[in-house]
Amino acid sequence: AQSVTQLGSHVSVSEGALVLLRCNYSSSVPPYLFWYVQYPNQGLQLLLKYTTGATLVKGINGFEAEFKKSETSFHLTKPSAHMSDAAEYFCAVSPGSSNTGKLIFGQGTTLQVKP
Amino acid sequence: DAMVIQNPRYQVTQFGKPVTLSCSQTLNHNVMYWYQQKSSQAPKLLFHYYDKDFNNEADTPDNFQSRRPNTSFCFLDIRSPGLGDAAMYLCATRNPLGETQYFGPGTRLLVL
């Protein structure tokens, strides 16, 4: 069975400050890991993903995440927050060996960016 | 641009009145998914298609049905909507050779 826990349902940062959104996962098989962003009344947009290889992955809009197997974590970071980063962020896991590609989502973290 | 399209973006229906939501894609992906997302919650998978092979999640109510007449289109039918079915409904597609699901903009359903 797989699960995802996002620590902190709401995170507030000042514009220009570091963004850190936490994600821990549980998986009995090597996982694929994803971060999606959702703006109000929109669908989900892929920020970045980890499948295999380099554990530090870079995504769109200056975001990156590091897969740490020993800590079962996949935290999302951005060095300097922008007002346009305010949105809902979802971490998700998929079993790497599955051909269904089913995603298990965390509960989401709302990022607020203050001027 | 290749994309996933959902129409309408907003749908209002009456309690108990059947409603159909549609999804189309120009990505030519074999796999299509339907998710339900209630306010301030994560998306919840209802079912998915691998080509015409339909896969229902164990906890998806019988009130929810789906049709996929061809690769490009997929429909979500709610036979008798209840107030608890008000939500955002998201369609997604995936190339079975890849890992990423591509989401449409969603249809927000309001049940009166």
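In case you missed it, the structure is sitting above this.
Residues numbered from 1 in each chain as written. Chains lettered and ligands numbered in written order. Predicted model: local features only at pLDDT ≥ 70, side-chain atom pairs only at ≥ 80, totals over all residues. Heavy atoms only, no water.

A. Quick look at the overall build of chain B. Looking only at helices and strands, one finds 0 helices and 11 strands in chain B. In chain B, the succession of helices and strands from N to C terminus is β-β-β-β-β-β-β-β-β-β-β. Along the longest, intermediate and shortest principal axes, the C-alpha atoms of chain B span 40 × 30 × 25 Å. The buried share among the 112 residues of chain B stands at 49%. (Helix = DSSP H or I, 4+ residues; strand = E, 2+ residues; numbered from the N terminus. Buried < 20%, exposed > 50% of the residue type's maximum accessible area, 1.4 Å probe, protein only.)

B. Seen up close, the overall build of chain A. Counting secondary structure elements, chain A contains 0 helices and 11 strands. Secondary structure elements in chain A, listed N-terminal to C-terminal, are β-β-β-β-β-β-β-β-β-β-β. Taking 13 Å as the expected radius of gyration for a compact globule of 115 residues, we find that chain A reaches 14 Å, a close match to that expectation. Contacts spanning at least 24 positions in sequence make up 57% of the contacts within chain A whose residues lie at least 6 apart. By element, 54% of the accessible surface of chain A is carried by carbon and sulfur atoms, the whole surface being about 5400 Å². In chain A, which carries 8 positive and 6 negative side-chain charges, the distance between the mean positions of the two groups comes to 7 Å. (Rg over C-alpha atoms; globule rule 2.2 N^0.38 Å. Contact = heavy atoms within 4.5 Å. Areas by Shrake-Rupley, 256 points an atom, 1.4 Å probe, with all protein chains shown as cover. Lys, Arg positive; Asp, Glu negative; His and termini not counted. Charge placed at Lys NZ, Arg CZ, Asp CG, Glu CD.)

C. The arrangement of the state of the cysteines in detail. Considering all chains together, one arrives at 2 disulfides over all chains under this definition. One disulfide bridge connects C23 of chain A with C91 of chain A, the sulfur atoms lying 2.0 Å from each other. Between C23 of chain A and C91 of chain A, the S-S torsion sits near -65 degrees, and that sign places the bridge as left-handed. Highlighted residues: C23 of chain A in strand β3 (residues 19-26) and C91 of chain A in strand β9 (residues 87-95), separated in sequence by 68 residues. Judged by relative accessible area, which is 0%, C23 of chain A ranks as buried. With its sulfur 2.0 Å from that of its partner, C23 of chain B forms a disulfide with C91 of chain B. Here C23 of chain B and C91 of chain B share a disulfide; its torsion about the S-S bond, -70 degrees, makes the bridge left-handed. Note that C23 of chain B is positioned in strand β3 (residues 19-25) and C91 of chain B in strand β9 (residues 87-94), a separation of 68 residues in sequence. By relative accessible area, C23 of chain B is classed as buried at 1%. Accessibility expressed as a relative area gives 0% for C91 of chain B, which makes it buried. (Disulfide = S-S within 2.5 Å.)

D. Seen up close, the pattern of salt bridges. The final tally for this structure, using the stated rule, is 6 salt bridges over all chains. Among the ionic pairs, E99 of chain B bridges to K49 of chain A, the shortest N-O distance being 2.9 Å. Of this pair, E99 of chain B sits in the loop between β9 and β10 (102-103) while K49 of chain A is found in strand β5 (residues 44-50), placing the two residues in two different chains. The partly exposed category is assigned to E99 of chain B, whose relative accessible area is 22%. We note a salt bridge from E64 of chain A to K58 of chain A, for which the minimum N-O separation is 2.8 Å. On the accessibility criterion, K58 of chain A (64% relative accessible area) is exposed. (Salt bridge = Lys/Arg side-chain N within 4 Å of Asp/Glu carboxyl O.)

E. Geometry of the side chain of T93 of chain B. Residues and elements named next belong to chain B. By the secondary structure assignment, T93 is in strand β9. Of the residues examined, T93 reaches a relative accessible area of 0% and is grouped as buried. There is a polar contact of 2.9 Å between the side chain of T93 and the side chain of H29. With residues near it in sequence (within four places) discarded, T93 still touches V4, Q25, L27, H29, V31, M32, Y33, T100, Q101 and Y102. (Polar contact = N/O pair within 3.5 Å; in protein donor to acceptor, adjacent residues only side chain to side chain.)

F. Expanded view of the interface of chain A and chain B. Each partner contributes residues to the interface: chain A has 20 residues there, and chain B has 22 residues. Where chain A abuts chain B, roughly 1700 Å² becomes buried across the two surfaces, and 51% of that area is made up of carbon and sulfur atoms. Where chain A packs against chain B, one counts 2 salt bridges. Linking chain A to chain B there are 9 residue pairs in polar contact (both at pLDDT 80 or more). Mapped by element, the contributors of at least two residues to the side of chain A that touches chain B are β4 (31-38) and β5 of chain A. Considering every element that reaches the side of chain A that touches chain B, the biggest residue donor is β4 of chain A, with 4 residues. Each residue belonging to the side of chain A that touches chain B can be placed in one class, and the counts come to 8 nonpolar, 10 polar and 2 charged. (Buried area = accessible area lost by both parts, 1.4 Å probe. Nonpolar A, V, L, I, M, F, W, Y, C, P; charged D, E, K, R; others polar.)

By themselves, these are just geometric observations and shouldn't be taken as functional.
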